[in-house]
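# Structure assessment
One letter stands for each residue in the lines below.
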Amino acid sequence: MSRPSRRPKLPAQKPPRRPLARPKLPPTPETPEHLCEADVAEGLERIAFSELRRRFGENVERLDRGEARPGALRFSYAGNLYHLLGLRMAQAVYLVRRFDVPRPKALLGHQHFTALLAMIAAVRDLSPAEAYQTLTLNAAGSDSSVMRRLKDELAAATGLKPADEGDLLIRLRHPPGDPSAWEVLVRLSPRPLATRSWRVCSREGALNAAIAGAMVFLTQPKPDDVFLNLLCGSGTLLIERLALENAASAAGYDLDETALACARRNIEAAGLADRVSLNLGDARALPLPDKSVDAICADLPFGHLVGSHEGNLELYPELLREAARLLKPGGRAVFISHEVRLMENLLADSPRWKIEQIIKVAQGGLNPRIFVLVRV
Ligand SMILES: C[S@@+](CC[C@H](N)C(=O)[O-])C[C@H]1O[C@@H](n2cnc3c(N)ncnc32)[C@H](O)[C@@H]1O
């Protein structure tokens, strides 16, 4: 695999303003083909691949059809690795290389070790030099003498200190379904992609940003949308919505002043302060006209860390009624909730909603569902 060209001079933090769809670019020596793998929240593999396809067209090809593993997406990518750092629905993305060796010890040989260092150099080239200080090698048997030696030699060659949660994450394992070889995965970023640089304030129950990215994607965002985030908490869905696509307006409502203050800090850090309105208000009765909103998202209280099941029995029907009042016909509401039976009961035979899909997703040891609803 040839070494990717240097990172182009793009602003590191700014979200893309252009549409996601891209024409196919012919592979050239400047756009080598890479083998990559993304960690995604289980249940969102297909949607995460749609994002890749929309951004990179036929320059990405899914490689694990038929043998897909939950939570993983394997693909080839013909392009500059730097552009993968802008993905919003992947938890983390790795550069992958297969080594046809029977045992990891062989990776210490000159040829393989040089190839490994070239992978690491390609990845470090994507971020500022100071972003990498430490290194972690993840492998079964990482306490064995061979793994310890490999880690020490990698540390010596890269100048990085071994650590439990290092900036440079290297995983070593057999290729899926092939115990005769080994493969090395190097994470493309010093932190998981879902750990957003805009998150300067967190709250218990804050939504995973990559799951929020998938939820706003499921609203089918358009640049002239009036977008509403009920129960906005720390602002995750608002930020992810505007990172994906412009909107005519984006407003968040929450009952809790401290949640709004937290959202304000995150939204400022994302550079979106002039594009989001944050409001103190009860999402069951908002001062907005009927049929005035194109898309609604909400991360509903699951009744564990946030809210209670008894409270949800009252809250959910009122929220659904208010969302139905505010949405234009054909508008989309995307909710995430762990109150699966309650939501299903409320939606069953509802004349207001058509259920487009219900997606079971893994988040923090739970399996909430993403409800994608269309206002009838
Ligand atoms: C699960 S949290 C949302 C977390 C948010 N998605 C985030 O990433 O930080 C639910 C939020 O709903 C708010 N909330 C609960 N009942 C509400 C109501 N009736 N109207 C407005 N906000 C409400 C709570 O204050 C809390 O911030």
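On a predicted model such as this, the values are computed, not experimentally measured, just so you know.

Rules of the game
Residues numbered from 1 in each chain as written. Predicted model: local features only at pLDDT ≥ 70, side-chain atom pairs only at ≥ 80, totals over all residues. Heavy atoms only, no water. Helix = DSSP H or I, 4+ residues; strand = E, 2+ residues; numbered from the N terminus. Contact = heavy atoms within 4.5 Å. Axes fitted to C-alpha atoms, helices over the stretch in contact; angles between N-to-C directions. Parallel < 35°, antiparallel > 145°, perpendicular 65-115°, else oblique. Left-handed = near helix turned anticlockwise from the far one by under 90°. Nonpolar A, V, L, I, M, F, W, Y, C, P; charged D, E, K, R; others polar. Domains from an automatic or database assignment. Buried area = accessible area lost by both parts, 1.4 Å probe. Salt bridge = Lys/Arg side-chain N within 4 Å of Asp/Glu carboxyl O. Pairing = 2+ DSSP bridges. Buried < 20%, exposed > 50% of the residue type's maximum accessible area, 1.4 Å probe, protein only. Right-handed = clockwise from strand over helix to strand, strands pointing away. Expected span 1.5 Å × (residues − 1). pLDDT = per-residue confidence, 0-100. Disulfide = S-S within 2.5 Å. Core = buried A, V, L, I, M, F, W, Y, C linked by side-chain atoms within 4.5 Å.

Right, let's talk about the environment of Val40 for a bit. By secondary structure assignment, the location of Val40 is in the loop between β1 (33-39) and α1 (45-56). Expressed as a C-alpha distance, the spacing of Val40 and Met89, which sit 49 residues apart in the sequence, is 7.0 Å. Sequence-distant contacts of Val40, that is, excluding residues within four places in its chain, are made with Glu45, Ala48, Gly71, Ala72, Leu73, Met89, Ala90 and Gln91.

Put simply, helix α2 (residues 110-124) and helix α3 (residues 145-158) touch, their axes get as near as 11 Å, and they point 55° apart. Classified by the interaxial angle, the pair formed by α2 and α3 is oblique. Every pair of crossing elements has a handedness; the one defined by α2 and α3 is right-handed. The segment α2 lies against α3, with Phe113, Leu116, Leu117, Ile120 and Arg124 engaging Leu150, Glu153, Leu154, Ala157 and Thr158. Considered class by class, the residues forming the contact of α2 with α3 number seven nonpolar, one polar and two charged.

In terms of domain boundaries, the protein chain breaks down into domain 1 (33-187) and domain 2 (209-375). Distance between the C-alpha centres of domain 1 and domain 2: 34 Å. Counting from both sides, the interface comprises twelve residues of domain 1 and, opposite them, 16 residues of domain 2. When domain 1 packs against domain 2, close to 1,100 Å² is buried across both sides, 69% of that on carbon and sulfur atoms. Of all residues in domain 1, Leu44, Arg88 and Met89 give up the largest surface area on contact with domain 2, accounting jointly for 50% of the area buried on that side. At the junction of domain 1 with domain 2, the criterion picks out one salt bridge. Classifying every residue of the side of domain 1 that touches domain 2 gives five nonpolar, three polar and four charged.

Attention now moves to the sheet that holds strand β14 (residues 353-360). Read from one edge of the open sheet, seven strands run β11-β10-β9-β12-β13-β15-β14, paired in mixed fashion. The open sheet has two edge strands, β11 (277-280) and β14, and neither has a second partner. Averaged over all pairs of adjacent strands, the angle between strand axes in this sheet comes to 15°, irrespective of strand direction. Bridging between strand β9 (residues 226-230) and strand β12 (residues 293-299) involves four bridges; their strand directions are parallel. When the sheet's bridge partners are listed, Asn229 is paired in β12 with Cys297. In this fold helix α7 (residues 309-326) packs onto β9, β12, β13 (327-337), β14 and β15 (369-375), with an angle of close to 150° to the strand it touches most, β13.

Of all six residues making up strand β5 (residues 134-139), five are buried, and the element is well covered by its neighbours. In this structure, β5 lies alongside strand β6 (residues 161-162), joined through two bridges in parallel fashion. Paired with Thr134 across the strands is Lys161, a residue of β6. The parallel pair β5 and β6, bridged by α3, forms a crossover whose chirality is right-handed. Alignment of β5 against strand β7 (residues 168-173), held across five bridges, turns out to be parallel. Following the sheet pairing, Thr136 is matched in β7 by Leu169.

So, about α3. Along its 14 residues, α3 runs 20 Å from first to last C-alpha, staying within 8% of the 20 Å computed at 1.5 Å per residue. Those residues of α3 hidden inside the fold are in contact with α2, β5, β6 and β7. Of the residues trailing α3, Gly159 is marked for its positive phi of about 75°.

Here the focus is the packing of α1 against helix α4 (residues 209-218). Following both chains from N to C, one finds α1 and α4 inclined at 70°, their axes separated by 10 Å at the closest point. Between α1 and α4, the angle falls in the class roughly perpendicular. Residues Ile47, Ser50 and Arg54 of α1 form the contact with α4, whose participating residues are Ala214, Phe217 and Leu218. Across the contact of α1 with α4, the residue classes break down as four nonpolar, one polar and one charged.

The pLDDT averaged across the protein chain works out to 92; a share of 91% of its residues lies at or above 70. Contacts for the low-pLDDT stretch residues 1-25, under 50 throughout, to residues beyond four places or in other chains number 50 contacts.

With that out of the way, let us pick up the state of the cysteines. Going through the model one piece at a time under the given rule, you end up with one disulfide. In this model Cys201 forms its disulfide with Cys262; the gap between the sulfur atoms is 2.1 Å. Judged by the torsion about the S-S bond (-115°), the Cys201/Cys262 disulfide is left-handed. Of this pair, Cys201 sits in the loop between β8 (182-187) and α4 while Cys262 sits in helix α6 (residues 257-269), placing them 61 residues apart in sequence. Look at Cys201 and you get buried, because its relative accessible area is 11%. Of the cysteine sulfurs around Cys232, a residue in no disulfide, the closest is that of Cys262, at 9.8 Å.

If you look at the biggest cluster of nonpolar residues, it comprises 83 residues, and the most contacted ones within it are Leu84 and Ile370. Residues from two domains meet in this core; each of domain 1 (33-187) and domain 2 (209-375) gives at least three. Counting 26 residues, the second-largest nonpolar core is a separate cluster that includes Leu228, Ala298, Tyr316 and Leu347.

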